[in-house]
Amino acid sequence: MKLEKSDILKALETITVAGEGKNMVESGAVKNVITFGDEVIVDLVLTTPALHIRKRAEVDVMKVIHEKVYEKAKVKVNLKVEAPAVQPQNNEIKGKPIPGITNIIAVASGKGGVGKSTVTSNLAATLAKMGFKVGVLDADIYGPSVPIMFDVERERPLSVKEDGKSKMKPIENYGVKILSIGFFTQPDQAVVWRGPMAAKALNQMIFDAAWGELDFMLIDLPPGTGDIHLSIMQSLPITGAVVVSTPQNVALADARKGVAMFQQDSINVPVLGIIENMAYFTPEELPNNKYYIFGKEGAKYLAEDLDVPFLGEIPLVQSIREAGDAGRPAALQTATPIEKAFEELTKNVVQEVVNRNDNLPPTEAIKITTMAGCSAVKK
Ligand SMILES: Nc1ncnc2c1ncn2[C@@H]1O[C@H](COP(=O)(O)OP(=O)(O)O)[C@@H](O)[C@H]1O
Ligand SMILES: [Mg+2]
């Protein structure tokens, strides 16, 4: 039996992948079909991070080929996941895009201590585990904690030559590339970064670094809504922002300000959604017991009120704190409820990036000349 590529393609045209309007041939998901004899290899590229949808696509491919072409065909499916690409960028209006970096996500919080760095680290580790190329830029000038959470706090980035220019090479662990404002200081030294100094260091870590190709760069912003935020948004085309909050009222009030900062006209960075951290306390040995010590579902209600997506909740558990201190994100502990919670959250974030890129033009790096126009940004 000799299989024909055209017959295979015709069969694949009957499959629609969940979340895509077109069939998988039309949508471009089928990258290649090779046949020899009764064997067929199908190369598929999907943008969905959802494992069940990917599995489903794989099963469907086998099924339609067996049903519609040849029931004994030996089918092999090569499935790759690619990050959803932003629309082509218009460089005239764009400020400075960073070559090779597809999606930049700012992680913000109104208040400090709500778990912004914890969420950033676990999101990054989960994205890497899903097969995405991920970088973290730790921009928290007040307390850079990403190096500790990735167990690289004693490392210092090396200088490498790229296109004849010296560039800083990010430190890598668990498949995540990291640069941190903390690499510029001694771990036990208190450094007060003044605005312009911090902005300069950040600019170097962004534009004079050898990040290579990245599907996602996550930026761990300092807490609050200060001028360092402005400086970052001025220099970078941020795809979208996520805001982390606990369910507690004081944190929610600040989270609201955080969302407002991104949404004001002069900044206009799409808010991908709100994440509720420390949603409830749960003892490891009694995972079904939930204690709502900071209040219940506050961040969820805030998301509803502000009409932005709610991305998910992470419980307060001792192992998350311990993993952070030990330098290995808790989401890497396989087959645990924590891993599952972060996977759920990460999928929702990627889904919102897909929605955002489908529906909105690329973000322009903002052009602000004075602080005066930015009421929500004043300290
Ligand atoms: N879901 C959680 N469960 C347990 N501990 C947490 C959780 N989220 C954060 N923490 C702990 O709370 C502290 C503050 O978190 P961190 O991520 O550093 O906050 P931020 O970056 O917002 O200042 C850290 O010690 C961290 O390990
Ligand atoms: Mg932090």
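A quick note: this is a predicted structure, and the numbers were derived from the prediction, not measured.

Considerations on the site of ligand 1
(1) Moving on: In the region of ligand 1, 16 residues are neighbours, and Gly113, Lys116, Ser117, Thr118 and Pro315 sit closest.
(2) Moving on: In the model, an oxygen atom of ligand 1 is placed 2.5 Å from a nitrogen or oxygen of the Thr118 side chain.
(3) Moving on: Take Pro315: an N or O atom from its main chain is 2.8 Å from a nitrogen atom of ligand 1.
(4) Moving on: For ligand 1, whose accessible area on its own is 560 Å², the fraction buried by protein is 81%.
(5) Moving on: The set of elements that each furnish at least two residues to the shell around ligand 1 consists of helix H3 (116–129), strand E12 (271–281), strand E13 (310–316) and helix H9 (318–326).
(6) Moving on: Residues of the shell around ligand 1, tallied by class, amount to 8 nonpolar, 6 polar and 2 charged.

Considering H3
(1) Moving on: Taking 1.5 Å of rise per residue, 14 residues should cover 20 Å, and H3 covers 20 Å from first to last C-alpha, within 8% of that figure.
(2) Moving on: Of all 14 residues that make up H3, 13 are buried, and the element is covered over most of its length.
(3) Moving on: Where H3 terminates, the next one or two residues include Gly131, which has phi positive at roughly 105°.

Comments concerning the side chain of Thr35
(1) Moving on: In this structure, Thr35 sits in strand E1 (residues 30–36).
(2) Moving on: At 3.3 Å, the side chain of Thr35 and the backbone oxygen of Leu3 are in polar contact.
(3) Moving on: Contact partners of Thr35, with chain neighbours within four places excluded, come to Leu3, Glu4, Lys5, Ile8 and Val40.

Considerations on the sheet that holds strand E2 (residues 39–46)
(1) Moving on: Across the sheet, which stays open at both edges, the 3 strands sit in the order E1-E2-E3 with mixed pairing between neighbours. The open sheet terminates on both sides in strands that have one partner only, identified here as E1 and strand E3 (74–81). On average, each strand axis in the sheet is inclined to that of its neighbour by 10°, with strand direction left out of account.
(2) Moving on: Bridge analysis of E1 against E2 gives 6 bridges, and the strand direction is antiparallel. Following the sheet pairing, Asn32 is matched in E2 by Asp43.
(3) Moving on: The strands that helix H1 (residues 5–12) touches are E1 and E2; relative to E1, the one it contacts most, it runs at about 140°.
(4) Moving on: In the packing of helix H2 (residues 51–68) onto the sheet, the strands contacted are E2 and E3, and the crossing angle to E3 comes to about 155°.

A short note on the pairing of strand E9 (residues 176–180)
(1) Moving on: Along E9, 4 of the 5 residues are buried, which leaves the element largely enclosed by surrounding structure.
(2) Moving on: Where strand E5 (residues 134–138) and E9 come together, 5 bridges link them in parallel fashion. Bridge pairing in E9 places Val134 opposite Val176.
(3) Moving on: Where strand E8 (residues 171–173) meets E9, 3 bridges bridge the pair, whose relative direction is antiparallel. Following the sheet pairing, Asn173 is matched in E9 by Val176.
(4) Moving on: Linking two consecutive strands that pair antiparallel, namely E8 and E9, is a turn of 2 residues; a positive phi of about 50° is found at Tyr174 within it.

Side note on the environment of Arg54
(1) Moving on: Along the chain, Arg54 falls in helix H2.
(2) Moving on: Residue class for Arg54 comes out buried when judged on its relative accessible area of 15%.

As for the domain arrangement of the protein chain
(1) Moving on: Each assigned domain of the protein chain is listed with its residue range as follows: domain 1 (5–81) and domain 2 (94–378).
(2) Moving on: Computed over C-alpha atoms, the centres of domain 1 and domain 2 are 36 Å apart.
(3) Moving on: In this assembly, 4 residues from domain 1 lie in contact with 4 residues from domain 2.
(4) Moving on: The junction of domain 1 with domain 2 conceals about 450 Å² of combined surface from both sides, 66% of it contributed by carbon and sulfur atoms.
(5) Moving on: On the surface where domain 1 and domain 2 come into contact, there are 0 salt bridges.
(6) Moving on: At the boundary of domain 1 and domain 2, one finds 0 residue pairs in polar contact (both at pLDDT 80 or more).

Things to note about the sheet that holds E5
(1) Moving on: Taken in spatial order, the 8 strands line up as E8-E9-E5-E10-E4-E11-E12-E13 in an open sheet, and their pairing is mixed. Looking at which strands have only one partner, the edges of the open sheet turn out to be E8 and E13. Averaged over all adjacent pairs, the angle separating strand axes in this sheet is 25°, with direction ignored.
(2) Moving on: Seen against the sheet, helix H8 (residues 298–306) touches E12 and E13 and runs at an angle of roughly 160° to E12.

Let's talk about the pairing of strand E11 (residues 240–245)
(1) Moving on: The buried count for E11 comes to 6 of 6 residues, which makes it a mostly enclosed element.
(2) Moving on: The alternating pattern of E11 places Gly240, Val242 and Val244 and Ala241, Val243 and Ser245 on opposite faces, both of which are buried.
(3) Moving on: Both strand E4 (residues 101–108) and E11 contribute to a ladder of 4 bridges, which runs parallel. By the bridge assignment for E11, Val107 is matched with Val242.
(4) Moving on: Bridge count for E11 against E12 is 5 bridges, and the pairing is parallel. Directly across from Ala241, in E12, lies its bridge partner Val271.
(5) Moving on: A crossover links E11 with its parallel partner E12, the connecting element being helix H7 (residues 249–263), and its sense is right-handed.

The rules we used
Residues numbered from 1 in each chain as written. Chains lettered and ligands numbered in written order. Predicted model: local features only at pLDDT ≥ 70, side-chain atom pairs only at ≥ 80, totals over all residues. Heavy atoms only, no water. Near = heavy atom within 4 Å. Polar contact = N/O pair within 3.5 Å; in protein donor to acceptor, adjacent residues only side chain to side chain. Areas by Shrake-Rupley, 256 points an atom, 1.4 Å probe, with all protein chains shown as cover. Helix = DSSP H or I, 4+ residues; strand = E, 2+ residues; numbered from the N terminus. Nonpolar A, V, L, I, M, F, W, Y, C, P; charged D, E, K, R; others polar. Expected span 1.5 Å × (residues − 1). Buried < 20%, exposed > 50% of the residue type's maximum accessible area, 1.4 Å probe, protein only. Contact = heavy atoms within 4.5 Å. Pairing = 2+ DSSP bridges. Axes fitted to C-alpha atoms, helices over the stretch in contact; angles between N-to-C directions. Domains from an automatic or database assignment. Buried area = accessible area lost by both parts, 1.4 Å probe. Salt bridge = Lys/Arg side-chain N within 4 Å of Asp/Glu carboxyl O. Right-handed = clockwise from strand over helix to strand, strands pointing away.

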